[in-house]
Amino acid sequence: MTAAMAGGVLFAALPVATATAAPAAGLQSVAARGGSISVNIPKLRQQSADLKARAARLDRDGAHAEARRARAEAAAIDRKIQAYLDAEENM
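A quick note: this is a predicted structure, and the numbers were derived from the prediction, not measured. (Residues numbered from 1 in each chain as written. Predicted model: local features only at pLDDT ≥ 70, side-chain atom pairs only at ≥ 80, totals over all residues. Heavy atoms only, no water.)

**Some points on the packing of helix 2 (residues 41–60) against helix 3 (residues 64–89)**
Next, step 1: Where helix 2 meets helix 3, the axes come as close as 8 Å, and the angle between the chain directions of the two elements is 160°. For the element pair helix 2 / helix 3, the angle class is roughly antiparallel. When you trace helix 2 past helix 3, the crossing you get is left-handed. On helix 3, the residues touching Ile41, Leu44, Arg45, Gln47, Ser48, Leu51, Lys52, Arg54, Ala55, Leu58 and Asp59 of helix 2 are His64, Glu66, Ala67, Ala70, Arg71, Glu73, Ala74, Ile77, Asp78, Ile81, Tyr84 and Leu85.
Next, step 2: Here the contact of helix 2 with helix 3 is composed, by residue class, of 12 nonpolar, 3 polar and 8 charged. (Axes fitted to C-alpha atoms, helices over the stretch in contact; angles between N-to-C directions. Helix = DSSP H or I, 4+ residues; strand = E, 2+ residues; numbered from the N terminus. Parallel < 35°, antiparallel > 145°, perpendicular 65-115°, else oblique. Left-handed = near helix turned anticlockwise from the far one by under 90°. Contact = heavy atoms within 4.5 Å. Nonpolar A, V, L, I, M, F, W, Y, C, P; charged D, E, K, R; others polar.)

**Some remarks on helix 3**
Next, step 1: With 26 residues, helix 3 extends 37 Å from end C-alpha to end C-alpha; this agrees with the ideal 38 Å at 1.5 Å per step.
Next, step 2: Listed in full, the buried residues belonging to helix 3 are Ala67, Ala70, Ala74, Ile77, Ile81, Ala83, Tyr84 and Ala87. (Expected span 1.5 Å × (residues − 1). Buried < 20%, exposed > 50% of the residue type's maximum accessible area, 1.4 Å probe, protein only.)

**What to know about the nonpolar core**
Next, step 1: Formed by 14 residues in total, the largest nonpolar core has its most connected members in Val39, Ile41, Leu44, Leu51, Ile77, Ile81 and Tyr84.
Next, step 2: Listing elements by their share of this core, those giving two or more residues are strand 4 (35–40), helix 2 and helix 3.
Next, step 3: At 6 residues, the largest contribution of residues to this core is made by helix 3.
Next, step 4: Non-local contacts of Leu51, meaning those with residues more than four positions away in its chain, are made with Ala70, Glu73, Ala74 and Ile77. (Core = buried A, V, L, I, M, F, W, Y, C linked by side-chain atoms within 4.5 Å.)

Right, dumping it as structure tokens:
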């Protein structure tokens, strides 16, 4: 299996059978060296929104360190989404 780094995100080449499967609703196909991967962008966006809502709740409850961690996880997911979209656009 080969891998290439793009903007801090690891893209792994998948077997040909996986690369040629019909994408399901909401899945984004991203080409990588030697194959492509399917990413469910709406699901990632929902995870990010959930983490942001959790961070807001934690802040209200006074758990600021945990809120910072949740916001950092949401930001990482947002960067991953953007990297997937940029990779597809540049292919």
